[in-house]
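Fold and geometry: a report
Below are the chains, spelled out letter by letter.
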Amino acid sequence: MVCMKGRSMKIVTPHYYKDFKCIAGACTDTCCAGWDVDVDDKSYRYYKTVDGNFGKRLKSVMVPEKEGGCTFTLQNGRCPFLNDNNLCDLYIALGENKLCDTCAEFPRFINEYGSVKEIGIAPSCKTAGEIIFNYDKVLTFDEEEDGKPLTGYNDIDGFLYMQLRNARKCAYDIIQNKKYTPDEVCLILIEYAIRIQKHMDDERDDLIANVVKSFKDEKILDKIIADAKKKKTYDSFRGFKDIGRFFEKFDGMEVINPDWLKYCYIQEKFMKSCHDGSSYEKYVIEFEEYYNDRQFEYRQLLMYYIYRYFLDAVYDINIVLKVKNAIIGYAALRHLDVAAWAANGKKLSKTEQVDIAHLYSRQFEHSYTNFEKYSEKFMSMRCYGYSSLRRMMV
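Everything numeric in this text was worked out from a predicted model, so none of it was measured. (Residues numbered from 1 in each chain as written. Predicted model: local features only at pLDDT ≥ 70, side-chain atom pairs only at ≥ 80, totals over all residues. Heavy atoms only, no water.)

**Description of a negative patch on the surface**
A cluster of acidic residues, D36, D38, E65, E67 and E254, forms a negative patch at the surface. Residue position: D36 is located in the loop between β2 (8–14) and β3 (37–39). (Patch = residues over 30% accessible without salt bridge, like charges linked within 9 Å, V, L, I, M, F, W, Y side chains within 5 Å. Areas by Shrake-Rupley, 256 points an atom, 1.4 Å probe, with all protein chains shown as cover. Salt bridge = Lys/Arg side-chain N within 4 Å of Asp/Glu carboxyl O. Lys, Arg positive; Asp, Glu negative; His and termini not counted. Charge placed at Lys NZ, Arg CZ, Asp CG, Glu CD. Helix = DSSP H or I, 4+ residues; strand = E, 2+ residues; numbered from the N terminus.)

Here's what the structure looks like:
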């Protein structure tokens, strides 16, 4: 634990972050429906002081939480302040600076690691998704000091954090190396996570640097890919069966947007039309050729997942889960893309790609219940195991 008094917070953002701006009523979607609105305690205390008719309206929908703050009671699956024009009545009545943290931040996410605050945008918002998937350059990150003095202590393991930060930089380089296809990148990342995890489990964080150094050597990466393809042993049937299990329902699953079920049905129908793994793999290979000039979209998706989740392993010592989030997110989206492409006469627009990605992100990342259940499944079910994930890569 290190005292941070006198220092200021470093803010890190992807280079495209500055291009994001909510388009409000012009958006074809709404971020104010399908999920509960969690209100932070500070906002809740303020809302309780609001007078007049709007104050009465606020108090009528606020449900206090034991941990502090409250939630708004949804009306027909929508936030009670979302009007018929898909605009926020609370924003209109009280102003932007009175929005609760959840509403003010979405689709932004904020991760703090001691004196570093990392901010990004999620593809769960279509506007954010368009920015992410349209970014066809090598992604870099901007850094600045916020100028505000820090108080308190850094409660993370500083040595492990530095090891993981260096490991993440190497992962970025692997993802953005155009020598390797997105599938090959995933094969490399699987092995990368396994080796780092072993040292973390053995409490030998000092050896993570050796893994990072070795994975900067393309000869080693080439061998990992060759070995992984040998292990695959052309068992496309099992990979075919496993990918379909990604979309199975489970008890208590929340459906954030009903359109998610539409794409689950499209992929189910597509899987039935394939009959076996061989025909499925032919579809994937043909889609890859069709999508060749847009493969950067998948690289940006992998960058998003690694940026957002990788360093959280400093808290739970589970780097494998963080990397699986990225690989499974990519595999699921590519699978849904192939299914939609096949259903559309072998065409897939950027608009539909962004829509599919936003539905998956909301379903996976924006329900606490779903996220916890999927995390459990990623670490326990065979279809999410190393061998299964390798088989899904063409």
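**Considering a nonpolar patch on the surface**
Nonpolar side chains collect at one region of the surface, where L87, Y91 and I92 lie side by side and expose about 270 Å² of accessible area between them. In this structure, I92 sits in helix α3 (residues 89–94).

**Section: the sheet that holds β2**
Across the sheet, which stays open at both edges, the 4 strands sit in the order β6-β7-β2-β8 with mixed pairing between neighbours. Only two strands of the sheet have a single partner each, and these edge strands are β6 (108–113) and β8 (141–149). The mean inter-strand angle of the sheet, taken between neighbouring strand axes irrespective of direction, is 25°. (Pairing = 2+ DSSP bridges. Axes fitted to C-alpha atoms, helices over the stretch in contact; angles between N-to-C directions.)

**Some points on the packing of aromatic side chains**
Aromatic ring pairs: the centre-centre distance and the angle between the two ring planes describe each pair. According to the stated counting rule, one finds 36 aromatic pairs in the structure shown. Positioned above the aromatic ring of Y44 is the side chain of K48, whose terminal nitrogen or guanidinium carbon lies 4.4 Å from the ring centre. The residue whose ring lies beneath K98 is Y46, and the NZ or CZ to ring-centre distance is 4.5 Å. (Phe/Tyr/Trp six-rings, centres within 6.5 Å; stacked < 30°, edge-to-face > 60°. Lys NZ or Arg CZ within 6 Å of the ring centre and 35° of its normal.)

**A few points about empty space enclosed by the protein**
Counted under the stated rule, the structure contains 5 cavities of 30 Å³ or more. Roughly 90 Å³ of internal volume is contained in the second largest cavity. Forming the walls of the second largest cavity are F246, F247, W260, I328, A332, Y360, Q363, F364, Y374, F378 and Y384. Every element with two or more residues in the lining of the second largest cavity is listed here: α15 (319–343), α16 (350–365) and α17 (368–380). (1 Å grid on protein atoms, 1.4 Å probe; cavity = no way out; pocket = protein on both sides within 12 Å on 5 of 7 lines; lining within 4 Å. Points joined across faces, edges and corners; volume = space filled by probe spheres on them.)

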